[in-house]
Amino acid sequence: MSKKTLLFVCLFIGIIGVGGINAQGYTPPSMVFGISLDGNLATNDAHGSALDNTTVSSSTYGMVWGRGASLYAKFGLGVRKNHRITVAATYNKMVHDDSGEMPFFNFSPVEPYTNYDVISGAFGYEYSFNPRCKNKQYIGFAVTTNYIVINNKGLSNAPASIENSFRIGLQVTSGYEWTLDKAQTYGIFIGVRYNLTNILGTKNADGSLNDGSGTPGPGFWRRIGFLSLNLGFNLYSGVKPYRAK
């Protein structure tokens, strides 16, 4: 074998080897675990002036901005893992006064102000686009359980006592994920979430949220919604390398 032929054979083998390396990929994650920091904007009848929420017949709940955090897990189904079952827990603090506070970061509200704690759980479905790639996108929906606590200390003429309230709602989510390591085992994401918290369980009575369409109250279903911007960190489990054929 001549030197030129040997060089050509070695070059050909090298090209095949490089092609094999480039063809190496990774399986989609079987499970995703993560945490996010959430910035919230109250929507629907939750959004309004702090002075709006001084009587049971007020039209809004006087919320605007809030902040929170979420923990979640996602379980991939099938071979491609495009379909996921999701569970999540979220805590949100909604504090608002009418002084023009900085969004999400009102730690020292000025009277009068509204102050709500919202603890939510979610169980739902998510569709992940190209889950085995470094960059992934998703959309999803979930049923939510929401425990709403009202702290009226900042409102001198608000009802003396309002009971803590449990409601069932629905949420939709969407986001974009980036893996940061070569093995695709961890990454970051940015997403948006809308949770309409009180579809089921509304109630009208003295000392309640008065969010139903009956009396006492404003006479219509007061929708309590939150639009959230989510920034988080993901851990991907079950990712394995493979070579494409």
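Residues numbered from 1 in each chain as written. Predicted model: local features only at pLDDT ≥ 70, side-chain atom pairs only at ≥ 80, totals over all residues. Heavy atoms only, no water.

Engineer: Give a detailed account of the overall build of the protein, specifying residues and quantitative values.
Structural biologist: Regarding its fold elements, the protein presents one helix and ten strands. Reading the protein from its N terminus to its C terminus gives the helix and strand order α-β-β-β-β-β-β-β-β-β-β. Relative to its full complement of 245 residues, the protein shows a buried share of 43%. Across the protein, contacts joining residues at least 24 apart in sequence account for 70% of those joining residues at least 6 apart. (Helix = DSSP H or I, 4+ residues; strand = E, 2+ residues; numbered from the N terminus. Buried < 20%, exposed > 50% of the residue type's maximum accessible area, 1.4 Å probe, protein only. Contact = heavy atoms within 4.5 Å.)

Engineer: Go over the environment of I162, please, and point to the residues and values.
Structural biologist: Mapped onto the elements, I162 comes out in the loop between strand 6 (135-151) and strand 7 (165-179). Spatially, the C-alpha atom of I162 lies 8.4 Å from that of N151, the residues being eleven residues apart in sequence.

Engineer: Can you explain the nonpolar core? Please cite residues and give values.
Structural biologist: In terms of nonpolar packing, the biggest core is built from 13 residues, with M63, Y116, I224 and F226 touching the most fellow members. At the level of secondary structure, the elements contributing two or more residues to this core comprise strand 5 (113-129), strand 6 and strand 9 (224-237). (Core = buried A, V, L, I, M, F, W, Y, C linked by side-chain atoms within 4.5 Å.)

Engineer: Give a detailed account of the packing of aromatic side chains, specifying residues and quantitative values.
Structural biologist: Considering all chains together, one arrives at nine aromatic pairs under this definition. Pairing W65 with F104 gives two aromatic rings, centres 5.4 Å apart and planes at 90°, and the pair type is edge-to-face. One end of the pair, W65, is in strand 3 (residues 65-77); the other, F104, is in the loop between strand 4 (83-97) and strand 5, with 39 residues separating them in the sequence. For F104, a relative accessible area of 24% puts it in the partly exposed group. Arranged with centres 5.9 Å apart and planes meeting at 90°, the rings of Y72 and F189 form a pair that is edge-to-face. (Phe/Tyr/Trp six-rings, centres within 6.5 Å; stacked < 30°, edge-to-face > 60°.)

Engineer: Any chance you could break down the sheet that holds strand 6 for me, citing the residues and the numbers?
Structural biologist: An order of 2-3-4-5-6-7-8-9 is seen for the eight strands of this closed barrel, with the pairing classed as antiparallel. Between one strand axis and the next, the sheet turns through 25° on average, direction left out of account. Relative to strand 4, strand 3 runs antiparallel, the two being bridged by twelve bridges. Note on strand 4: the bridge partner recorded for G76 is R84. (Pairing = 2+ DSSP bridges. Axes fitted to C-alpha atoms, helices over the stretch in contact; angles between N-to-C directions.)

Engineer: Lay out the side chain of K81 in plain terms, naming residues and giving numbers.
Structural biologist: Here K81 shows up in the loop between strand 3 and strand 4. Reaching out from K81, the side chain makes a polar contact with the backbone oxygen of G78 at a distance of 2.5 Å. (Polar contact = N/O pair within 3.5 Å; in protein donor to acceptor, adjacent residues only side chain to side chain.)

Engineer: Quick one: what's the story with the pattern of salt bridges, residue by residue and with numbers?
Structural biologist: Pairing between side chains becomes possible if they bear opposite charge and their charged atoms approach one another. This model, assessed by the stated rule, comprises eight salt bridges. A salt bridge links D38 to R193, with the nearest nitrogen and oxygen atoms 3.3 Å apart. Pair noted here: D38 is in strand 2 (residues 31-44) and R193 is in strand 8 (residues 186-200), with a separation of 155 residues, a long-range link. R193 matches D38 in its accessibility class, with the two residues each being buried. (Salt bridge = Lys/Arg side-chain N within 4 Å of Asp/Glu carboxyl O.)

Engineer: Report on the environment of Q184, specifying residues and quantitative values.
Structural biologist: Counting through the fold element by element, Q184 comes out in the loop between strand 7 and strand 8. Sequence spacing of Q184 and N135 is 49 residues, and the spatial spacing of their C-alpha atoms is 9.8 Å. Q184 has contacts with Y26, R132, C133, K134, K136, T179, Y236 and V239, leaving out every residue within four places of it along the chain.

Engineer: So what about unusual backbone geometry? Which residues, and what values?
Structural biologist: In this structure, the amide linkage connecting E111 to the following residue, P112, adopts the cis form with an omega of -5°. Inspection of the secondary structure assignment puts P112 in the loop between strand 4 and strand 5. Non-glycine residue N44 carries a positive phi angle of around 55°. With a phi angle near 50°, N210 is a residue other than glycine that sits in the positive phi range. If you trace the backbone, N210 turns up in the loop between strand 8 and strand 9. When its relative accessible area of 1% is taken as the criterion, N210 is described as buried.

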